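If you want the building blocks of each chain, they are given just below.
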Amino acid sequence: YGGMGLDFSYNIAVAEELGNIRCGGIPMAIGVQAGMTTPALMRFGSDELKKQFLVPTIAGDFVACLGISEAGAGSDVANIKTTAVKKGDEYVINGGKMWTTSGCQADWMCLLANTSEGPPHRNKSLICLPMNLPGIHIAKKIDKLGMRSSDTAQIFFEDVRVPRKNLIGEEGKGFTYQMLQFQEERLWGVATVLTPLEMVIRETIDYTRQRKVFDQSVLHNQAVHFRLAELATEVELLRSLLYRTVALYVEGNDVTKFASMAKLKAGRLAREVTDSCLQFWGGMGFTSEVLVSRFYRDLRLMSIGGGTDETMLSIICKYMETLPSK
């Protein structure tokens, strides 16, 4: 379908390199395209759907977006309210989606909707939804604290008709498919923060070496250089966890626990590194002229998007409960 036939570790290598872009929004947009909207289509979609949506997305001719979160259902995916009701050979879609990255410019959406009245984990389906259909209303581009280069949309659906053949895989399996997509999304997110965090630490070392306070460089203070050494160590530990998780994933293992641990650690460490380093920049760190203030805003999303820290903790706890007792 136009891809290079490489395994998932190459996605992570690319994600890590994209961290050299000096903002968070562009790597995130590429991640949505490459690893958040397309894995379920690649694994479970029909050949016809892949030719219609996957081929042009891989080629870069289509922009894709992911329709999961709603105003009343972010990390609580099971609580979404958007419906896709069968009528003849079509689904009729009503509802809305929130926080949709690339939503204002997308050509199609990987939409999660309720397709039956059954239990919340077995009544959902993923549907390839062209974004030019009647009844799709892009309400607004959301103004955000960070990721300001990213287009984030609020979208409403009013009697939108889409062919039933646009269903990805089996009806009722959408929740399961999306949970699988989340693993790749979370690992991509972890990979994209490694290089920015290293960059922020490196630039903070350079700045504090030059900045003089009370006739000595800020870096000369033991508290400062010890703190920077601690943060650099934490980034390397996160990298090791990511690489271990990716290796297990490529071998076909369930990495839900490790991916959730990595996502949790990445979100917390992104906050810790950028906050600590911004402090060492003093008043300059509070301006929009330096990289640390941008990453302070952009990387704050890591603890929220793709599942909050609290959601990651809940997942980890569930997997811990499955461990055999000593």
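Residues numbered from 1 in each chain as written. Predicted model: local features only at pLDDT ≥ 70, side-chain atom pairs only at ≥ 80, totals over all residues. Heavy atoms only, no water.

Caption draft 1: Seen up close, the pattern of salt bridges. For the coordinates displayed, the defined rule picks out 19 salt bridges. Between arginine 148 and aspartate 143 there is a salt bridge, with the nearest N and O atoms lying 3.0 Å from each other. Among the charged side chains, a salt-bridge network with shared partners connects Glu16, Glu198, Glu236 and Arg239. (Salt bridge = Lys/Arg side-chain N within 4 Å of Asp/Glu carboxyl O.)

Caption draft 2: Structural view of the pairing of strand β7 (residues 152–163). As paired elements, strand β3 (residues 90–101) and β7 share nine bridges and run antiparallel to each other. Pairing of threonine 101 across the sheet is with threonine 152, part of β7. Where strand β6 (residues 136–141) and β7 come together, five bridges link them in antiparallel fashion. Looking at β7, one finds that isoleucine 136 is bridged to phenylalanine 157. (Pairing = 2+ DSSP bridges. Helix = DSSP H or I, 4+ residues; strand = E, 2+ residues; numbered from the N terminus.)

Caption draft 3: Region of interest: the environment of threonine 100. Topologically, threonine 100 is positioned in strand β3. Judged by relative accessible area, which is 0%, threonine 100 ranks as buried. The spacing of threonine 100 and lysine 141 is 41 residues in sequence and 9.3 Å in space, taken between C-alpha atoms. Aside from chain neighbours lying at most four places away, what touches threonine 100 is Cys65, Leu66, Met109, Asp151, Thr152, Ala153 and Ile155. (Buried < 20%, exposed > 50% of the residue type's maximum accessible area, 1.4 Å probe, protein only. Contact = heavy atoms within 4.5 Å.)

Caption draft 4: Molecular detail of the packing of aromatic side chains. Within this structure, the stated rule accounts for four aromatic pairs. Centre to centre, the rings of phenylalanine 53 and tryptophan 108 are 5.3 Å apart; their planes meet at 50°, and the pair counts as tilted. One end of the pair, phenylalanine 53, is in helix α4 (residues 47–59); the other, tryptophan 108, is in strand β4 (residues 108–114), with 55 residues separating them in the sequence. With respect to class, phenylalanine 53 is no different from tryptophan 108; both count as buried. (Phe/Tyr/Trp six-rings, centres within 6.5 Å; stacked < 30°, edge-to-face > 60°.)

Caption draft 5: Summary view of the nonpolar core. Within the largest apolar cluster, 64 residues are counted, with the highest numbers of intra-cluster contacts made by Leu41, Ile168, Leu197, Leu242, Val273 and Cys277. The element contributing the most residues to this core is helix α5 (residues 174–210), with 13 residues. Not counting residues within four places of it along the chain, the set of residues in contact with isoleucine 168 comprises Ala40, Leu41, Phe44, Gly45, Leu49, Cys110, Leu126, Cys128 and Tyr177. (Core = buried A, V, L, I, M, F, W, Y, C linked by side-chain atoms within 4.5 Å.)

Caption draft 6: How the structure looks around the UniProt feature "domain: Acyl-CoA oxidase/dehydrogenase middle" (unreviewed entry) in the protein chain. The positions UniProt marks with the feature "domain: Acyl-CoA oxidase/dehydrogenase middle" (unreviewed entry) are residues 65–160. The distance from the first to the last C-alpha atom of residues 65–160 is 17 Å, and the span holds 0% helix and 51% strand. (UniProt positions renumbered as here; feature names shortened; annotations may be inferred.)

Caption draft 7: Seen up close, the side chain of threonine 204. With respect to the element layout, threonine 204 can be found in helix α5. Among the polar contacts listed, one links the side chain of threonine 204 to the backbone oxygen of valine 200, at a separation of 2.7 Å. (Polar contact = N/O pair within 3.5 Å; in protein donor to acceptor, adjacent residues only side chain to side chain.)

Caption draft 8: Region of the structure containing the UniProt feature "domain: Acyl-CoA dehydrogenase/oxidase N-terminal" (unreviewed entry) in the protein chain. Within the UniProt annotation, "domain: Acyl-CoA dehydrogenase/oxidase N-terminal" (unreviewed entry) is assigned to residues 1–61. Secondary structure over residues 1–61 splits into 69% helix and 0% strand, and the C-alpha atoms at its two ends are 13 Å apart.

Caption draft 9: Structural detail: the layout of surface pockets. Space inside the second largest pocket adds up to approximately 810 Å³. Only α1 (8–18), α2 (25–36), α3 (39–44), α4 and α5 provide two or more residues apiece to the lining of the second largest pocket. Grouping the amino acids of the lining of the second largest pocket by side-chain chemistry returns 14 nonpolar, eight polar and four charged. Built from parts of two domains, the lining of the second largest pocket gets at least three residues from each of domain 1 (8–167) and domain 2 (176–320). (1 Å grid on protein atoms, 1.4 Å probe; cavity = no way out; pocket = protein on both sides within 12 Å on 5 of 7 lines; lining within 4 Å. Points joined across faces, edges and corners; volume = space filled by probe spheres on them. Nonpolar A, V, L, I, M, F, W, Y, C, P; charged D, E, K, R; others polar. Domains from an automatic or database assignment.)

Caption draft 10: Focus on α4. Taking 1.5 Å per residue as the helical rise, α4 with its 13 residues ought to reach 18 Å, and the 17 Å between its terminal C-alpha atoms agrees with that figure. For α4, the principal kink sits at phenylalanine 53 and spans about 30°; a proline, proline 56, occurs within the next four residues. Burial in α4 covers these residues: Leu49, Lys50, Phe53, Leu54, Pro56 and Thr57. Structurally, α4 contributes buried residues whose contacts are with α2, α3, β1 (64–67), β4, β5 (124–130) and β8 (167–168). At the C-terminal side of α4, glycine 60 shows a positive phi close to 90°. (Expected span 1.5 Å × (residues − 1). Bend = angle between axes of the 7 residues up to and from the residue.)

Caption draft 11: Structural context of helix α8 (residues 291–298). For α8, the set of buried residues is Leu291, Val292, Ser293, Phe295 and Asp298. Elements that come into contact with the buried residues of α8 comprise α2, α5 and α7 (256–280).

Caption draft 12: Just the domain arrangement of the protein chain, in detail. Segmentation of the protein chain into domains returns domain 1 (8–167) and domain 2 (176–320). On a C-alpha basis, the centres of domain 1 and domain 2 stand 26 Å from each other. Between domain 1 and domain 2, the contact holds 39 residues from the first and 32 residues from the second. Together, the buried faces of domain 1 and domain 2 total about 3000 Å²; carbon and sulfur atoms form 66% of this surface. In this structure, glutamate 16 engages arginine 239 in a salt bridge whose closest nitrogen and oxygen atoms are separated by 2.4 Å. Among the secondary structure elements, those contributing two or more residues to the side of domain 1 that touches domain 2 are α1, α2 and α3. Of the residues in the side of domain 1 that touches domain 2, the class split is 22 nonpolar, 13 polar and four charged. (Buried area = accessible area lost by both parts, 1.4 Å probe.)

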